[in-house]
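Fold and contact review
The primary structure of each chain is shown beneath.
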Amino acid sequence: QVQLVESGGGLVQAGGSLRLSCAASGSIRSFNVMGWYRQAPGKQRELVAYITTTGSTNYADSVKGRFTISRDNAKRTVYLQMNNLKPEDTAVYYCNVTYVISGTSIWGQGTQVTVSS
């Protein structure tokens, strides 16, 4: 059973930066998409960014130009570099791995990111 463990969340002032990491324990299947989602209080979970096995990326409009997603396939790890953070970025950030062929989706436990104004 693959587990995803996130780290790197915390409290930061507006304009600051954080780097989230998500490591998968155990092997994961090829042809997968790794991504980050977030959920703010009272709101639905939303996609922040995702990256495919070959490195193609996609970002939510609200984070384009500020966040960068990357992955290290050898380490089974995905990263989210978040710069110029805004109070509206405050949320619990969840890591996700989705297998392209089967559609199986695996979630991490979430890490809190709080941006103060």
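Our subject is the structure listed above.
Analysis parameters
- Residue positions within a chain follow its written sequence, with the count starting from 1.
- Only residues with pLDDT of 70 or above have their local features reported here, since the model is predicted, and side-chain atom pairs are shown and tallied only from 80 upward, although totals for entire chains, interfaces and linings are computed over all residues.
- Here the side-chain values reflect all heavy atoms present in the structure, with hydrogen atoms and water set aside.
- Strands are runs of DSSP state E lasting at least two residues, helices are runs of H or I lasting at least four, and both sets are numbered from the N terminus onward.
- Values of the radius of gyration come from C-alpha atoms, whereas the globule rule sets the reference at 2.2 Å times the count of residues to the power 0.38.
- Note on classification: 1.4 Å probe, protein chains only; a residue is buried when its accessible area is under 20% of the maximum for its type, exposed when over 50%, partly exposed between these limits.
- In these tables, accessible area is a Shrake-Rupley quantity obtained with a 1.4 Å probe, and a residue counts as shielded only by the protein chains included in the view.
- A positive count includes Lys and Arg, and a negative count includes Asp and Glu. His and the chain ends are not counted in either.
- One atom stands in for each charge, and that atom is NZ of Lys, CZ of Arg, CG of Asp or CD of Glu.
- Using protein atoms alone on a 1 Å grid, points that fit a 1.4 Å probe yet trap it form a cavity, whereas open point sets bounded by protein on both sides within 12 Å along at least five of seven lines form a pocket; residues with an atom within 4 Å of a point count as lining.
- Grid points are joined across faces, edges and corners, and a volume is the space filled by probe spheres set on the points.
- Only Asp, Glu, Lys and Arg are considered charged in this grouping, and only Ala, Val, Leu, Ile, Met, Phe, Trp, Tyr, Cys and Pro are considered nonpolar; every other residue, Gly among them, is considered polar.

1. Quick word on the overall build of the protein
Looking only at helices and strands, one finds 0 helices and 11 strands in the protein. If you list the helices and strands of the protein from N to C, you get β-β-β-β-β-β-β-β-β-β-β. Its C-alpha atoms give the protein a radius of gyration of 14 Å, near enough to 13 Å, the size a compact globule of 117 residues would have. With the C-alpha coordinates of the protein rotated into their principal frame, the extents come out at 40 × 25 × 25 Å. Burial statistics for the protein: of 117 residues in total, 41% are counted as buried. Summed over its atoms, the accessible surface of the protein is roughly 6200 Å², and 49% of this surface lies on carbon and sulfur atoms. Of the side chains in the protein, 11 bear a positive and 6 a negative charge, and the two mean positions are spaced by 6 Å.

2. Digging into the layout of surface pockets
Here the largest pocket is characterised by a volume of approximately 170 Å³. Forming the walls of the largest pocket are 13 residues, and the residues nearest its centre are Arg 38, Ala 40, Lys 43, Glu 46 and Glu 88. Split into classes, the residues belonging to the lining of the largest pocket amount to 2 nonpolar, 4 polar and 7 charged.

No statement about biological role is implied by the geometric values presented.
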